[in-house]
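# Residue-level structure breakdown
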Amino acid sequence: MDNFFSSTDTQDNTPLNAQYDNLKDNYEKIFIEAAESIRRELDSFKPENPCENCPVKDCKIEKKDIFAPYPPNCKYRDWQLQALSFLAGDYKQKLKAVYKNMMDKKNNYSCNKCAACCKLAASQYSYEQLKQRAFRGDKFSKDFISVFVPFDTEEQAKAVNPEYFELLNKLVEEDKIYYYYCPKLEGNLCSDYENRPDICRDFPHNPLKLLPSDCSYNAWRSEIAHEAMLLKAKVDIIDFYGSKLK
Ligand code: SF4
Ligand code: SF4
């Protein structure tokens, strides 16, 4: 299944895109909420008592759970296959609409031109790795290196925005993180505004992304935070179903 949270972001599924606030602590609760909601959808077309007329004798499956190892001629196996196509089809479309709605809400907010996102950007990839990814066709990496260059030292990056630097560091814990800045910034203004790439135009492009505290889109993130985490949990759960039921 497409991961809505990584489709436009090279930092897909990394801690850099994880919510850094209380919601992270609540993720278990949100994950259970998502799992129950999916389970309800699948139970709505679960067959009722198909075992009475079953051609397969003595299958010995006690608990008729969605993940049980049903044999090919079993009606519950049909249910599993139906569940797979439902999750990859109608349900995926439903989640896509939720995601779009969430991203559309961003239009209710506007950039306050603090330039914090131009002064300090982070990636789990080194500049060389980004160049290789761009060479292999990764659009985000291509856009990223078209504007950002690496800081010479971490101290320089930290000096730009110590609070954001610390939060990013805390988020990745043991992993390596690389810091970048855009040399096209003059004062707080973009010197190449008309030609700025999509990563600048669309920022923030991921509702789970940690933003600098000055960024006015933090209000958008707060508004949709629960919805975004719930959606992320559903996407992860659907991937799990896909790997278990195929
Ligand atoms: S190109 Fe302009 S908008 Fe994009 S990061 Fe650089 S200064 Fe900021
Ligand atoms: S950090 Fe947010 S508010 Fe500041 S310039 Fe970037 S997008 Fe605009």
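The structure displayed is predicted, hence computed values, not measured ones.

Glancing now at helix 9 (residues 162–172). Along helix 9, the residues that are buried comprise Tyr-164, Phe-165 and Leu-168. One face of helix 9 carries all of its buried residues, which in axial projection span an arc of 100 degrees. Facing away from the buried side of helix 9 by more than 90 degrees, the exposed set consists of Pro-162, Glu-163, Glu-166 and Lys-170. Where helix 9 is buried, its residues meet helix 5 (116–119), strand 1 (121–123) and helix 8 (154–160). Directly after helix 9, the chain includes Glu-173, whose backbone phi takes a positive value near 50 degrees.

Moving on, we get to the confidence of the model for the protein. Looking at the protein as a whole, its pLDDT mean stands at 89, while 90% of the residues score no less than 70. Here helix 1 (residues 22–25) is the element of the protein with the lowest mean pLDDT, 61, and strand 2 (residues 149–150) is the one with the highest, 98. In this model, residues 7–13 is a region of pLDDT below 50 whose contacts with residues beyond four sequence positions or in other chains number 23 contacts.

Looking now at the site of ligand 1. The environment of ligand 1 is formed by Cys-118, Val-147, Cys-182, Lys-184, Leu-185, Cys-190, Asp-192, Arg-196 and Cys-200. When grouped by side-chain class, the residues that make up the shell around ligand 1 number 6 nonpolar, no polar and 3 charged.

It is worth spelling out the site of ligand 2 at this point. In the vicinity of ligand 2 lie 13 residues, with Cys-111, Cys-114, Ala-116, Cys-117 and Cys-215 positioned nearest. For the shell around ligand 2, the class distribution of residues is 9 nonpolar, 2 polar and 2 charged.

For the rest of this paragraph, the subject is the nonpolar core. With 23 residues, the main nonpolar core has Leu-120, Ala-121, Phe-148 and Leu-168 as its most contacted residues. If sequence neighbours within four positions are ignored, Leu-168 has contacts with Ala-122, Ile-177 and Leu-210. Among the nonpolar cores identified, the runner-up in size contains 18 residues, and Tyr-99, Leu-208, Ala-228 and Val-235 belong to it.

Read across the sheet, 3 strands follow the order 1-3-2 without closing on themselves; strand pairing throughout is antiparallel. Looking at strand neighbours, the two that pair on one side only are strand 1 and strand 2, the edges of this open sheet. Note: strand 1 against strand 3 (residues 178–181), 3 bridges, orientation antiparallel. Pairing of Ala-122 across the sheet is with Tyr-179, part of strand 3.

Contact pair helix 3 (residues 75–88) / helix 4 (residues 90–104): the axes reach a minimum separation of 3 Å and the direction vectors enclose 25 degrees. Of the possible angle classes, the one that applies to helix 3 and helix 4 is roughly parallel. Packed against helix 3, whose contacting residues are Phe-86, Leu-87 and Ala-88, the element helix 4 presents Asp-90, Tyr-91 and Lys-92 at the interface. Considered class by class, the residues forming the contact of helix 3 with helix 4 number 4 nonpolar, no polar and 2 charged.

Between Phe-203 and Pro-204 the backbone carries a cis peptide bond, its omega angle lying at -5 degrees. Tracing the sequence through the fold places Pro-204 in the loop between helix 10 (198–201) and helix 11 (218–245). The phi torsion at Asn-49 lies on the positive side, around 45 degrees, for a residue other than glycine. If you trace the backbone, Asn-49 turns up in the loop between helix 2 (27–43) and helix 3. On the neighbour-count criterion, Asn-49 (9 C-beta atoms within 10 Å) is exposed. Of note, Ala-115 is a non-glycine position whose phi angle comes to about 70 degrees, a positive value.

Quick look at the packing of helix 6 (residues 127–135) against helix 7 (residues 139–147) now. Remark: helix 6 packs on helix 7, axes separated minimally by 7 Å, with the N-to-C direction vectors making an angle of 130 degrees. When the interaxial angle is binned, helix 6 and helix 7 end up oblique. Helix 6 and helix 7 meet at a crossing whose hand is left-handed. Where helix 6 abuts helix 7, its residues Leu-130, Lys-131, Arg-133 and Ala-134 lie against Ser-141, Lys-142, Phe-144 and Ile-145. Per-class residue counts for the contact of helix 6 with helix 7 are 4 nonpolar, 1 polar and 3 charged.

This paragraph deals with the pairing of strand 3. Where a strand is regular, its side chains alternate between the two sheet faces. Where strand 2 and strand 3 come together, 2 bridges link them in antiparallel fashion. Counterpart to Pro-150 in the pairing with strand 3 is Tyr-180.

Procedures and definitions
- Residues numbered from 1 in each chain as written.
- Chains lettered and ligands numbered in written order.
- Predicted model: local features only at pLDDT ≥ 70, side-chain atom pairs only at ≥ 80, totals over all residues.
- Buried ≥ 20, exposed ≤ 12 C-beta atoms within 10 Å, placed from the backbone.
- Helix = DSSP H or I, 4+ residues; strand = E, 2+ residues; numbered from the N terminus.
- Arc of directions from axis to C-beta.
- Contact = placed C-beta atoms within 7 Å.
- pLDDT = per-residue confidence, 0-100.
- Near = placed C-beta within 6 Å.
- Nonpolar A, V, L, I, M, F, W, Y, C, P; charged D, E, K, R; others polar.
- Core = buried A, V, L, I, M, F, W, Y, C linked by C-beta atoms within 7 Å.
- Pairing = 2+ DSSP bridges.
- Axes fitted to C-alpha atoms, helices over the stretch in contact; angles between N-to-C directions.
- Parallel < 35°, antiparallel > 145°, perpendicular 65-115°, else oblique.
- Left-handed = near helix turned anticlockwise from the far one by under 90°.

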